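Topology and contacts: notes
These are the residues of each chain, in order.
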Amino acid sequence: MEEVKIGLLGFGTVGTGVFELLEKNRELIKERIGLVPVIKKILVRDLKKSRNTQVNPELFTTSFEEILEDPEISIVCELIGGISPAKDYVLRALQKGKEVVTANKAILAEYGDEIWGEALKNGRFLGFEASVGGGIPIIKTLREALIGNEIKSIVGIVNGTTNYILTKMLEENMDFREALKEAQKKGYAEADPTLDINGMDAAHKIAILASLSFGSFIKSSQVYVEGIEDIDLMDLTFAKNFGYIIKLLAYAIKQKNYIEVRVHPTLIPENHVLASIRLNYNAFYLTGDFVGDVLLYGLGAGKEPTASAVVSDIITAIEFSYFRKKPFIKYPLTFSQKSYKIRSMDEVEFKYYFRFSALDKPGVLSKISGVLGKYNISIASVVQIGRQKKKQAVPIVMLTHEAKEKNVAKALEEIDNLEVVSAPTKKYRIMDF
Ligand code: NAP
Ligand code: HSE
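Below is a summary of the structure that appears in this document. Computed from a predicted model, the values in this text were never measured in an experiment.

1. Focus: the overall build of the chain
The number of helices and strands found in the chain is 14 helices and 18 strands. Along the three orthogonal principal directions, the C-alpha set of the chain runs to about 80 × 50 × 35 Å. Scored against the burial criterion, the 433 residues of the chain give a buried share of 55%. Of the contacts formed within the chain by residues at least 6 apart in sequence, a portion of 73% connects residues at least 24 apart. Of the charged side chains in the chain, 57 are positive and 55 negative, and the gap between their average positions amounts to 2 Å.

And the structure:
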């Protein structure tokens, strides 16, 4: 049976998974497509590194050119990560006439216009299913299943590492650093895990989804981002007592004249489906004008689920190259000339959770609520934990009604300067479904 030769760039968590899937399910794929995808070469950094997966050592190379110049290799699969040299390899592979599959959200969220443009110019397939949501077919859902819909909004848990950390902290009292270490060990985290915890990985992903959904290239630098690096078990617990679970949510919302793209920790009502997404699972809650609400749920990070997404793109790339389809607007993606105003965060209104650290003495609450009142922020409920010792700061937790972000920033600046307040106020937004 005819073989289709693939060049793999990278043999880490995802590269190994792709290799193992193609080995294990070779017969099944052969039966389904009548062709055999075969990995001919694997680019790595270090030839001496010991690998857990059994591979013919002759497949490994440290020369990208060896893969690029091999006329037999029709599909290049970039699983290195980061910007350089990954972006350069993807562009050169497209220019050389190879179909390209990548799991790299960073290059697409920062240079997507250039990369998608290059794929279009050369009439090549560019698959990026694994760049968002691990094994969940969110990209194919948007590119194919929902192509007839105007997408109104996508709200999701799009980072497995941070969801794993938040779950372990709340459910097992695990320390943040320990939970992160576990996520790294399990292969969920980025090579630089700062990108996970500071929200940038989620920003890359929501930028890609917003670009796809709204038809205008949105860069990750346009996304408002807050991560979970300052998250405190105390806030996870207080939120739970109020009936909320804190998750790192990513939002892409289209209104008539503007779009909102943002990533930040959010309090979700405990009974909402997104509150039940645990560990390295991801979920996308999207709304289209005809389909209505759709929920996609699955494993958002890790070797096997991500390999599943990459192989799905490899098969589409084979179909594309084998039958040499004409580049259709969705293959590869093109962008219209539409450009949207991105709504400034200052203008967005939320309900809020505040945790003040204040001295427990008469008049403190009225001072704080006086400042909130001045900025038109109305309180919905308050809990104060009693002091253990005199002059000790205590947490005062407040939930508010809707208020403008701009007003909240001004009010908290004033409150944090009060003599009775001993530490910066913690602030989280509440998702009102
Ligand atoms: P990884 O485990 O760090 O593996 C990276 C691989 O790339 C390694 O094999 C490394 O070679 C190779 N490499 C790095 N720099 C190189 C260079 N300059 N030249 C040649 N080879 C180089 O990364 P990963 O977790 O598999 O992630 C790969 C991509 O998939 C990233 O874009 C990531 O964001 C994305 N992704 C990951 C997941 C996940 O769950 N891990 C999920 C979805 C998407 P050596 O082995 O010799 O060091
Ligand atoms: N580091 C990413 C995450 C990998 O934790 O979600 C999947 O894209």
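2. Brief notes about the pairing of strand β16 (residues 393-400)
It is a general feature of regular strands that their side chains alternate between the two faces of the sheet. Counting buried residues along β16, seven of its eight residues qualify, which places the element largely inside the surrounding structure. When strand β14 (residues 349-359) meets β16, the two strands line up antiparallel, connected through seven bridges. From the neighbouring strand, Phe-354 faces β16, where its bridge partner is Met-398. Sheet analysis places strand β15 (residues 379-384) next to β16, joined by five bridges and oriented antiparallel. Paired with Gln-384 across the two strands is Ile-396, which belongs to β16.

3. A word on the pattern of salt bridges
Per the counting criterion, the structure on display carries 34 salt bridges. Here Lys-30 and Glu-27 are joined by a salt bridge, their closest N and O atoms 3.3 Å apart. Here Lys-30 pairs with Glu-27, and both are found in helix α2 (residues 26-33), just three residues apart, close to one helical turn. By relative accessible area, Lys-30 is classed as partly exposed at 23%. A relative accessible area of 46% places Glu-27 in the partly exposed class. One salt bridge in this structure joins Glu-172 and Lys-168, with 3.1 Å as the shortest N-O distance. Taken together, the residues span about one helical turn, with Glu-172 and Lys-168 both in helix α7 (residues 160-172) at a distance of four residues. The class for Glu-172 is partly exposed, based on a relative accessible area of 45%. Judged by relative accessible area, Lys-168 falls into the buried class, the value being 13%.

4. Comments concerning the site of ligand 1
Inspection of the region around ligand 1 gives 24 residues, with Phe-11, Arg-51, Lys-105, Glu-190 and Gly-302 positioned closest. At 2.8 Å from an oxygen atom of ligand 1 is found a main-chain nitrogen or oxygen belonging to Phe-11. Within the backbone of Thr-13, a nitrogen or oxygen atom sits 3.0 Å from an oxygen atom of ligand 1. Alone, ligand 1 offers 910 Å² of accessible surface; in the complex the protein occludes 87% of this.

5. Regarding the packing of aromatic side chains
The full count for this structure, using the stated rule, is 13 aromatic pairs. When the centroid spacing of 5.9 Å and the interplanar angle of 40° are considered together, the rings of Phe-125 and Phe-320 count as tilted. Here the residue Phe-125 occupies a position in the loop between α5 (105-122) and β6 (126-127), and Phe-320 occupies one in helix α12 (residues 303-322), the gap between them amounting to 195 residues. Judged by relative accessible area, which is 1%, Phe-125 ranks as buried. Centroid distance Tyr-352 to Phe-354: 5.6 Å. Interplanar angle 20°. Geometry classified as stacked. Just as Tyr-352 is buried, Phe-354 falls in that class too. Taken together, Phe-350, Tyr-352, Phe-354 and Phe-356 form an aromatic cluster joined through their ring pairs. Looking at Arg-429, its charged tip hangs above the ring of Phe-350, at a distance of 5.5 Å from the centre.

6. Notes on the site of ligand 2
Surrounding ligand 2, one finds Lys-105, Asn-159, Gly-160, Thr-161, Tyr-188, Ala-189, Glu-190, Asp-196, Asp-201, Lys-205, Gly-300 and Ala-301. The backbone of Gly-160 places a nitrogen or oxygen atom 2.7 Å from an oxygen atom of ligand 2. For ligand 2, whose free accessible area comes to 250 Å², the fraction covered by protein is 93%. If you list the elements that add at least two residues to the shell around ligand 2, you get α7 and α10 (200-214). Taken together, the residues of the shell around ligand 2 break down into three nonpolar, four polar and five charged.

7. Things to note about the sheet that holds strand β2 (residues 36-43)
Spatially, six strands are ordered β3-β2-β1-β4-β5-β6 in an open sheet, and the strand pairing comes out parallel. For this open sheet the edge positions go to β3 (60-61) and β6, each flanked by a neighbour on one side alone. Note: strand β1 (residues 3-9) against β2, seven bridges, orientation parallel. Along β2, the bridge assignment pairs Glu-3 with Val-36. Where helix α1 (residues 13-24) meets the sheet, its contacts fall on β1 and β2, and the angle it forms with β2 comes to roughly 150°.

The rules we used
- Residues numbered from 1 in each chain as written.
- Chains lettered and ligands numbered in written order.
- Predicted model: local features only at pLDDT ≥ 70, side-chain atom pairs only at ≥ 80, totals over all residues.
- Heavy atoms only, no water.
- Helix = DSSP H or I, 4+ residues; strand = E, 2+ residues; numbered from the N terminus.
- Buried < 20%, exposed > 50% of the residue type's maximum accessible area, 1.4 Å probe, protein only.
- Contact = heavy atoms within 4.5 Å.
- Lys, Arg positive; Asp, Glu negative; His and termini not counted.
- Charge placed at Lys NZ, Arg CZ, Asp CG, Glu CD.
- Pairing = 2+ DSSP bridges.
- Salt bridge = Lys/Arg side-chain N within 4 Å of Asp/Glu carboxyl O.
- Near = heavy atom within 4 Å.
- Polar contact = N/O pair within 3.5 Å; in protein donor to acceptor, adjacent residues only side chain to side chain.
- Areas by Shrake-Rupley, 256 points an atom, 1.4 Å probe, with all protein chains shown as cover.
- Phe/Tyr/Trp six-rings, centres within 6.5 Å; stacked < 30°, edge-to-face > 60°.
- Lys NZ or Arg CZ within 6 Å of the ring centre and 35° of its normal.
- Nonpolar A, V, L, I, M, F, W, Y, C, P; charged D, E, K, R; others polar.
- Axes fitted to C-alpha atoms, helices over the stretch in contact; angles between N-to-C directions.

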